[in-house]
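Close look at the chain arrangement
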Amino acid sequence: MCGIVGYIGKNSKTKKNLIDKMLNSINHRGPDGSSVNIYNNCIIGFNRLSINDLSDTGMQPFEVNDKVVFANGEIYNHLDLKNKFHVSSKLIGDSDIEIIPHIYNELGFDFLNELNGGFAIAVYEKKSEKLYLIIDRFGKKPMYYYQVESGIFFSSELKAILLNFNLEIDKKAMNIGFFQGYFSYPLTPVKGVKKIRPGEVLTINPDLSLGTLSWYKMQPNYSVNELSIQELENSFCTLLDDAVDIRMTADVEAGLYLSGGLDSTAIAASCSKLGYNKIHTFSGTVRGKEYSTDNYNATRFASEYNFIHHVINIDTDTYRNNIVETCTAFDEINFETANINFIEIAREAKKYVTIMLDGCGGDEVFFGYSSQASINRLPKFARNIFPSISIINNYLAKNSPKLFSYYIALSDIERFMFLCRSFIPIDVAITFPYFDIDFIKSNLQEMASLLPNTFKSIKDQNYLSYLDIIGNNMLNYQQLDRCSMFHTIEPRSPLSDYRIWEAFLGVDEKLKFDGGTKGLMKRILRNRLPDYILSAEKDGFSNPFHVWFKEDKCLRDELLLIVEKRIELLCEILGDEYVTNIINKWKN
């Protein structure tokens, strides 16, 4: 929805020029208006993307008593909250954010439990001179911060902070990033810069000391296993319909990423049932995969439901034109090739819509990944039956990757899950100069320590899935935030509604896998979706680079030039041997 930048500390009033520069660097997040707000020890800049209340009365910040609120994101249930807390008469406009200072003033931080949305909120209290930076339950909206001697800078995107400082790359974090495909919280590729965890409040006191409060921890409902399939179907469809409905409510046009897969078609069918007809839907056709099942199903489904469907062609020119833009959008390293496609789709979609619904979250809660299927094949009693010993870890990783995988599965199921999702084979990653298996383990343990003890077992896939989603955000919510917001589109994920997660995360993994990946989801959607959707195999949205590189020598040469300009840094991080091998493969 918007972009937030700021500084708290000494000489805040002298930082306006810096804040202006920071705001300008993320103008794509909110081109509909901006403000710079100066307080005693704090200065906060805001870029607005108008979604609800397009008039000036929707402009932030909003203030009640001494509490000043800025928010990036949306509160989907704001209409219900206005009625519940009887504040409509106190509001000057129809913004979804204006209600926040009112209920915060009444409930304190308990107000967060009332919100259904994706958000990063900054609350400044004038009297106490404290600043609170708050992230939603699943980390759908990012917030970075960097502490210097005089104060702390913060921003919705990393690039705004990097404008002001010549910071060092965190090589250990980079190696973990290359191996796992993302930077788990609070890591970033830059030393000293951190990102706030999902479901967390970061308190910055006037003396710049920091405090954290974990305001949300998943409470899975295990009683759901006593329900029949029909009861599960009724529960899911009711929750999905409401999740879609509150996300379609806005003063601007909303559309849908329609991949042709199970998640996006479920959301599209819900839109149709709710009366959202003639909406714009978008999918991408990748050259080399033109005849994929998903492409055919998306077009067929859109036609049957009378949607206005747009097919965006993805080819080597798309890659060539978008690679730099995608990296600029991400700040952190872009490990997912499909993000180039999403950037292109968002560019086209912006011609028609400002909001895009997507299927993010369905694979995680209903088990749609091959890595989850791999874990499912390992009986629970065999998970973590051996101790995890560093010497054995390192020896097997280097000398026998296959045995290493078995050993990890039997001794450290959390890390086995991440190993299944890794981008680079362990025997290659172990050669990286700064690669550290124990650091990965400690990072996972830190994430796991923040999870509630309401999960029946750490051997449970539901536990692992939740651990994945709060640590693996760059591959899920934030990839869509970066790709969409770079072209000023607000992404919304109905299947990531926390109510769906709390209701279905506790379903036994065997039931979820009955019938294959997403077996349960297919069964409970049998009365909503056609057979050609339910019977289709999962089809990814990645690009066939190995084919493109062979066919397009110019593209290969252009990428080699980019790599060779940064070869010293790449060799320092990944090692001479790995970089040399990659370059030789490309050249040949």
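Residues numbered from 1 in each chain as written. Predicted model: local features only at pLDDT ≥ 70, side-chain atom pairs only at ≥ 80, totals over all residues. Heavy atoms only, no water.

1. Comments concerning the overall build of the chain
Along its length, the chain carries 27 helices and 17 strands. Expressed as a percentage of the 588 residues in the chain, the buried residues total 60%. The contacts of the chain with a sequence gap of at least 6 include a subset with a gap of at least 24, amounting to 73%. (Helix = DSSP H or I, 4+ residues; strand = E, 2+ residues; numbered from the N terminus. Buried < 20%, exposed > 50% of the residue type's maximum accessible area, 1.4 Å probe, protein only. Contact = heavy atoms within 4.5 Å.)

2. What to know about the pattern of salt bridges
Across all of its chains, the model carries 32 salt bridges by this definition. Of the charged contacts, one joins Arg499 and Asp242 as a salt bridge, the two residues approaching to 2.8 Å between their closest N and O atoms. Here the residue Arg499 occupies a position in helix H20 (residues 498-504), and Asp242 occupies one in helix H6 (residues 229-248), the gap between them amounting to 257 residues. Each member of the salt-bridge network shares a partner with another, and the members are Arg29, Lys141, Glu157, Lys159, Asp331, Asp481, Arg482 and Glu490. (Salt bridge = Lys/Arg side-chain N within 4 Å of Asp/Glu carboxyl O.)

3. Points about the nonpolar core
Core analysis: the largest hydrophobic core is formed by 74 residues, its most contacted members being Leu115, Ile121, Ile134, Phe236, Phe301, Phe504 and Leu529. Broken down by element, the residue count for this core peaks at 8 residues, all from H6. For Phe236, the contacting residues outside a window of four places in its chain are Phe366, Leu495, Ile500, Phe504, Met521, Ile524 and Leu525. In terms of nonpolar packing, the next biggest core, distinct from the first, is built from 28 residues, Phe282, Ile323, Ile489 and Phe545 among them. (Core = buried A, V, L, I, M, F, W, Y, C linked by side-chain atoms within 4.5 Å.)

4. Focus on the layout of surface pockets
The computed volume of the second largest pocket comes to approximately 190 Å³. Tyr145, Pro186, Lys194, Leu202 and Thr212 are the residues nearest the centre of the second largest pocket, which is lined by 13 residues in total. Taken together, the elements giving at least two residues each to the lining of the second largest pocket come down to strand E8 (144-147), strand E10 (193-195), strand E11 (200-204) and strand E12 (210-214). Classifying every residue of the lining of the second largest pocket by side-chain character gives 5 nonpolar, 3 polar and 5 charged. (1 Å grid on protein atoms, 1.4 Å probe; cavity = no way out; pocket = protein on both sides within 12 Å on 5 of 7 lines; lining within 4 Å. Points joined across faces, edges and corners; volume = space filled by probe spheres on them. Nonpolar A, V, L, I, M, F, W, Y, C, P; charged D, E, K, R; others polar.)

5. Examining the side chain of Arg482
Mapped onto the fold, Arg482 is located in helix H19 (residues 477-485). Take Arg482: its relative accessible area is 1%, and that puts it in the buried class. Reaching out from Arg482, the side chain makes a polar contact with the side chain of Tyr144 at a distance of 2.8 Å. Polar side-chain contacts of Arg482 include one of 2.9 Å to the backbone oxygen of Phe330. (Polar contact = N/O pair within 3.5 Å; in protein donor to acceptor, adjacent residues only side chain to side chain.)

6. Observations regarding helix H7 (residues 262-273)
Under the 1.5 Å per step criterion, the end-to-end length of H7 is 16 Å for 12 residues, consistent within 8% with the ideal 16 Å. After H7 finishes, the residue Gly275 shows a positive phi value of roughly 95 degrees. (Expected span 1.5 Å × (residues − 1).)

7. Here's the deal with the sheet that holds E12
The 6 strands lie next to each other as E4-E5-E6-E7-E11-E12, forming an open sheet whose pairing is antiparallel. Every other strand in the sheet has two partners, leaving strand E4 (62-64) and E12 as the edge strands with one partner each. On average, adjacent strands in this sheet sit at an angle of 20 degrees to one another, irrespective of strand direction. Note that strand E7 (residues 130-135) and E11 share 4 bridges and pair antiparallel. In the strand pairing of E11, Leu131 is matched with Ile204. Sheet contacts for helix H3 (residues 100-107): E4, strand E5 (67-75), strand E6 (117-125) and E7; angle to E5, the most-contacted strand, approximately 120 degrees. (Pairing = 2+ DSSP bridges. Axes fitted to C-alpha atoms, helices over the stretch in contact; angles between N-to-C directions.)

8. Things to note about the confidence of the model for the chain
Counting all residues, the mean pLDDT for the chain is 85, and 84% of those residues have values of 70 or more. Between the elements of the chain, mean pLDDT differs from a low of 54, seen in helix H15 (residues 413-420), to a high of 98, seen in E7. (pLDDT = per-residue confidence, 0-100.)

9. Considering the packing of helix H9 (residues 316-330) against helix H25 (residues 553-565)
As a packed pair, H9 and H25 sit with axes 10 Å apart at the nearest point and diverge in direction by 20 degrees. As the angle between them shows, H9 and H25 are arranged roughly parallel. In the crossing of H9 with H25, the sense of the turn from one axis to the other is left-handed. Where H9 abuts H25, its residues Thr316, Tyr319 and Arg320 lie against Cys554, Leu555, Glu558 and Leu559. Of the residues assigned to the contact of H9 with H25, the class counts are 4 nonpolar, 1 polar and 2 charged. (Parallel < 35°, antiparallel > 145°, perpendicular 65-115°, else oblique. Left-handed = near helix turned anticlockwise from the far one by under 90°.)

10. What about unusual backbone geometry?
Pro61 follows Gln60 through a cis peptide bond whose omega is 10 degrees. Of note, Asn65 is a non-glycine position whose phi angle comes to about 55 degrees, a positive value. For Asn65, the position within the fold is in the loop between E4 and E5. The class of Asn65 is exposed, set by a relative accessible area of 58%. The backbone of Lys518 shows a phi angle near 60 degrees, a positive value even though the residue is not glycine. Considering the arrangement of structural elements, one finds Lys518 in the loop between helix H21 (509-513) and helix H22 (519-524).

11. Let's talk about the sheet that holds strand E15 (residues 308-314)
Read from one edge of the open sheet, 5 strands run E15-E14-E13-E16-E17, paired in parallel fashion. Lying at the two open borders of the sheet, with one neighbouring strand each, are E15 and strand E17 (490-492). Averaged over neighbouring strand pairs, the angle between their axes works out to 30 degrees when direction is ignored. Sheet topology note: the strand E16 (residues 355-357)/E17 ladder contains 3 bridges and is parallel.

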